[in-house]
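# Structural characterization, general
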Amino acid sequence: MTTANRSLVVKRTSTGLGLFTLLPVRAGGRIIEYVGPVITTEEADRLGGKYLFAVDEKRAIDGRARTNTARYINHSCRPNAEAFTTGRRVWIYAKRDIPAGEQITIDYGQDYLNAHMKASGCKCAVCVARKRR
């Protein structure tokens, strides 16, 4: 599945779907915006789910729509990208040079991991390799 951004593609991974870059991304380069309706934290608490991205203490982005390609960014304990919030917008930037073909990952944070992955544990490549040792 390709995206509107021709330099990104959604592909199957061992944990589901993930977002991959087709072209190299330089450290500090903007990759994609996390998009969706801005809702209150009360609405977010009522909705629950995995695709809510906190903007601040009062608002979150509901990124459930499949048109939000950034929703396919998976978690890693050693991410290659990070999110920055500007007003009501969330942008994903490269933390380091990312070669073509690599999956884009961010650190979801401990609260998310506790809420959504506590039973199964973290499944990022770093943690899976650590468990195999």
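Here the structure is a predicted model, which is why all the values come from computation and not from measurement. (Residues numbered from 1 in each chain as written. Predicted model: local features only at pLDDT ≥ 70, side-chain atom pairs only at ≥ 80, totals over all residues. Heavy atoms only, no water.)

### Looking at the overall build of the protein chain
Helices and strands together make up the secondary structure of the protein chain, namely 3 helices and 10 strands. The proportion of buried residues among the 133 residues of the protein chain is 38%. Element-wise, carbon and sulfur atoms account for 51% of the exposed surface of the protein chain, whose accessible area totals about 8300 Å². (Helix = DSSP H or I, 4+ residues; strand = E, 2+ residues; numbered from the N terminus. Buried < 20%, exposed > 50% of the residue type's maximum accessible area, 1.4 Å probe, protein only. Areas by Shrake-Rupley, 256 points an atom, 1.4 Å probe, with all protein chains shown as cover.)

### A look at the sheet that holds strand β9 (residues 89-94)
Here we have 3 strands laid out as an open sheet, ordered β3-β9-β8, and antiparallel in their pairing. Strands with a single pairing partner mark the edges of an open sheet, and in this sheet they are β3 (30-34) and β8 (81-86). Ignoring which end each strand starts from, the neighbouring axes of this sheet average 30° apart. Pairing of β8 with β9 involves 6 bridges; the strand directions are antiparallel. What sits directly across from Thr86, in β9, is Arg89. (Pairing = 2+ DSSP bridges. Axes fitted to C-alpha atoms, helices over the stretch in contact; angles between N-to-C directions.)

### Structural notes on the environment of Thr86
Counting through the fold element by element, Thr86 comes out in strand β8. Overall, Thr86 belongs to the exposed group, its relative accessible area being 53%. With 31 residues separating them in the primary sequence, Thr86 and Val55 have C-alpha atoms 8.4 Å apart.

### Brief notes about the pattern of salt bridges
With the rule as written, the count across this model stands at 4 salt bridges. Among the ionic pairs, Arg89 bridges to Glu33, the shortest N-O distance being 2.8 Å. Of this pair, Arg89 sits in strand β9 while Glu33 sits in strand β3, placing them 56 residues apart in sequence. Arg64 is the partner of Asp62 in a salt bridge, and the nearest nitrogen-oxygen pair spans 2.8 Å. Taking relative accessible area as the criterion, Arg64 reaches 45% and is therefore assigned partly exposed. (Salt bridge = Lys/Arg side-chain N within 4 Å of Asp/Glu carboxyl O.)

### Concerning the sheet that holds strand β4 (residues 38-40)
Strand order in the open sheet formed by 3 strands is β4-β6-β5, with antiparallel pairing between adjacent strands. Pairing within the sheet leaves two strands with one partner each, and these edge strands are β4 and β5 (52-54). Along the sheet, successive strands turn relative to each other by an average axial angle of 40°, direction set aside. Here β4 pairs with strand β6 (residues 59-62) via 3 bridges, running antiparallel. The partner of Thr40 across the bridge, within β6, is Arg59.

### Some details on the side chain of Thr13
Assignment of secondary structure puts Thr13 in strand β1 (residues 8-13). The class for Thr13 is buried, based on a relative accessible area of 17%.

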